[in-house]
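So the chains spell out like this:
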Amino acid sequence: MRATGIPLASVILAVWVGLGVASRPGLAGEADIVRPEAKLATDPMPHKGDAADDPAIWLHPTEPARSLILGTDKQGALHVYGMDGKERQRVSDGCRPNNVDVLYGFPLGGRVVDLAVASTRASKSPGVKVWRIDAETCALADATAGGTLPVFGGGTPYGLCTYRSAKTGKAFFFVVDASGRIEQHELQDAGDGTVKAATVREMKLSSIAEGCVADDELGFLYVGEENVGIWRFAAEPEGGTRGVCIAKVGEHGLAADIEGLTLYGAAGGKGYLIASSQGSNTFLVYTREGDNRYVLTIDPKEGRIDDVSDTDGIAVTNRPTSEQFPAGFLIAQDGSNRGGNQNFKLYDWRDIAGTRLLVDPEWTPRRR
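Quantities reported herein were computed from a predicted structural model and do not represent experimental measurements.

Procedures and definitions
Residues numbered from 1 in each chain as written. Predicted model: local features only at pLDDT ≥ 70, side-chain atom pairs only at ≥ 80, totals over all residues. Heavy atoms only, no water. Helix = DSSP H or I, 4+ residues; strand = E, 2+ residues; numbered from the N terminus. Buried < 20%, exposed > 50% of the residue type's maximum accessible area, 1.4 Å probe, protein only. Polar contact = N/O pair within 3.5 Å; in protein donor to acceptor, adjacent residues only side chain to side chain. Core = buried A, V, L, I, M, F, W, Y, C linked by side-chain atoms within 4.5 Å. Contact = heavy atoms within 4.5 Å. Phe/Tyr/Trp six-rings, centres within 6.5 Å; stacked < 30°, edge-to-face > 60°. Lys NZ or Arg CZ within 6 Å of the ring centre and 35° of its normal. Pairing = 2+ DSSP bridges. Axes fitted to C-alpha atoms, helices over the stretch in contact; angles between N-to-C directions. Disulfide = S-S within 2.5 Å.

As for unusual backbone geometry
- Here the residue pair A256 and D257 is connected by a cis peptide bond, since its omega of 5° sits within 30 degrees of zero.
- Among the structural elements, D257 can be located in the loop between β19 (244-248) and β20 (258-265).
- The backbone phi angle of N292 is positive, close to 55°, even though this residue is not glycine.

Okay, structure coming up:
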């Protein structure tokens, strides 16, 4: 929370903060602010400096407590954490993953499996990598045809998200590069236990973009143009190339850089789009349905575990994952970790939602 310099406002703010909700003076619409404290942190990255970037959450199909957190190390490997925040596995060291996402229910080799998909920035082999997630062992194994899936004609990807069409059942990933180019690729069974991809669409924004997320159920793609705003596109391959800007930098305190984007799902197509507003160290919440109306701002505060700052990637789940998080959680990259190298912090969704937001632990991202 930034100081207002107005004594009376400070008094009012202190009262509201004690209740967990505040009204920040000076913003259009008197934007509501919630200030949760982190309840858990992952082990720090092994590399110093700017290493951690983007998290993803894999939900175990039958045992919530065996769910996993995936986190990218831009200087090394994809890291796998248990729901206690402890590191369990590192895969593909040296691939330098940037953004990671999870895709449920992909048909591979006569089985239906879950995949982790990441943009990778290794200097000699940039592109995209795919890992199969084993529900029995809760371990990841490389399933990338040819070692790396090329994108942008062999160029270097930046942002990435996955999409599974409710219309056709086909699986895709979107990649974004530092110039604002967007490509959509269809994921396909390569026939030897690995996954290949084919380009199906290209789009373009005017400047640097990274964060993206796709809504499998409603059929939308959201992309954050870092210094401009959040764009919404049709996610189907035949959806055209034009998007609509649903949130602009400067509105409701949204500050450049716009970084991670994530979706909180709920029944009936409801839920929330959440954006990392790096310039203000906050997270803005918009409705998932309709015109993506602004709802409130999450401004985490320091507690037993430190605050997050300069956040890149974020992820959220509505599902129970453990006794500590029976109604889901928001996870955010921390650019300046009090305990050492960068890591990820977890916030109980109930602390964020309060009485203002939906709490729906029943809706599932898996195909029914």
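Some thoughts on the side chain of R288
- You can see R288 is positioned in the loop between β22 (282-287) and β23 (294-298).
- Judged by its relative accessible area of 3%, R288 is buried.
- In this structure the side chain of R288 is engaged in a polar contact, spanning 2.8 Å, whose partner is the backbone oxygen of K270.

Looking at the nonpolar core
- Core analysis: the largest hydrophobic core is formed by 32 residues, its most contacted members being L70, W131, L140, F329, I331 and L346.
- Looking at this core, the elements that each hand over two or more residues are β4 (52-58), β5 (68-73), β6 (78-81), β8 (97-108), β9 (111-120), β10 (127-134), β25 (329-334) and β26 (343-348).
- Top contributing element to this core by residue count: β4, with four residues.
- The contact partners of F329, leaving out residues within four places of it in the chain, are I57, I69, M83, A315, V316, T317, T321, L346, Y347 and W349.

Quick notes on the packing of aromatic side chains
- The full count for this structure, using the stated rule, is nine aromatic pairs.
- Measuring from centroid to centroid gives 6.4 Å for Y163 and F174, while their planes differ by 50°, and the two rings are tilted. Remark: F174 occurs in strand β13 (residues 171-176) and Y163 occurs in strand β12 (residues 159-164); sequence separation between them is 11 residues.
- For F174, a relative accessible area of 0% puts it in the buried group.
- Aromatic side chains Y264 and W349 sit 4.2 Å apart centroid to centroid with 15° between the ring planes, which places their arrangement in the stacked category. Taken as a pair, Y264 in strand β20 and W349 in helix α2 (residues 349-353) lie far apart in primary sequence, 85 residues in all. Residues Y264 and W349 agree in their burial class; the two are buried.
- Three or more aromatic residues link up through ring pairs in this structure, and these residues are Y163, F172 and F174.
- Its end group placed over the ring of F220, R232 keeps NZ or CZ at 5.0 Å from the ring centre.

Quick word on the sheet that holds strand β24 (residues 314-317)
- In space, the four strands of this open sheet follow the order β3-β26-β25-β24, with antiparallel pairing throughout. Single-partner strands in this sheet number two, and they are β3 (40-41) and β24.
- Taken together, the two bridges between β3 and β26 define a ladder with antiparallel strand orientation. The partner of A41 across the bridge, within β26, is K345.

Quick notes on the side chain of N98
- One can find N98 in strand β8.
- In terms of polar contacts, N98 uses its side chain to reach the side chain of R121, at 3.4 Å.
- Beyond its immediate chain neighbours, meaning those up to four positions away, N98 contacts D53, D54, T72, K74, S119, R121, Y158, G159 and E210.

Some points on the pairing of strand β16 (residues 209-215)
- Taken across its seven residues, β16 has seven buried, putting it largely inside the fold.
- Bridging between β16 and strand β17 (residues 220-225) involves five bridges; their strand directions are antiparallel. By the bridge assignment for β17, A214 is matched with L221.
- Joining the antiparallel neighbours β16 and β17 is a turn of four residues, in which G219 adopts a positive phi near 80°.

Here's the deal with the sheet that holds β16
- Read from one edge to the other, the open sheet built from four strands follows the order β16-β17-β18-β19, with strand pairing classed as antiparallel. The outermost strands of the open sheet, each flanked by one partner alone, are β16 and β19. Going from strand to strand, the sheet's axes swing by 25° on average, the running direction of each strand aside.
- Here strand β18 (residues 229-234) runs beside β19; their pairing, made up of four bridges, is antiparallel. Directly across from R232, in β19, lies its bridge partner V244.

With respect to the state of the cysteines
- Following the criterion strictly, the structure yields zero disulfides and no others.
- For C95, which is in no disulfide, the shortest distance to another cysteine sulfur is to C212 and amounts to 17 Å.

So, the environment of E362
- Along the chain, the position of E362 falls in the segment after α2.
- Looking at E362, the relative accessible area reads 61%, which means it is exposed.
- Sequence separation between E362 and E87 is 275 residues, and the spatial gap between their C-alpha atoms is 28 Å.

Some words on the pairing of β6
- Side chains of β6 alternate between two faces, with L78 and V80 and H79 and Y81 buried alike.
- The pairing of β5 with β6 spans four bridges and is classified as antiparallel. Its bridge partner lying in β6, T72 is registered against L78.
- Here β5 hands over to β6 after four residues, the two strands then running antiparallel side by side.
- One ladder, built from four bridges, connects β6 with strand β7 (residues 87-91); its direction is antiparallel. Counted as the bridge partner of L78 is V91 from β7.
- Hairpin geometry of β6 and β7 is characterised by an intervening segment of five residues between the two adjacent antiparallel strands and by a positive phi of about 85° at G85.

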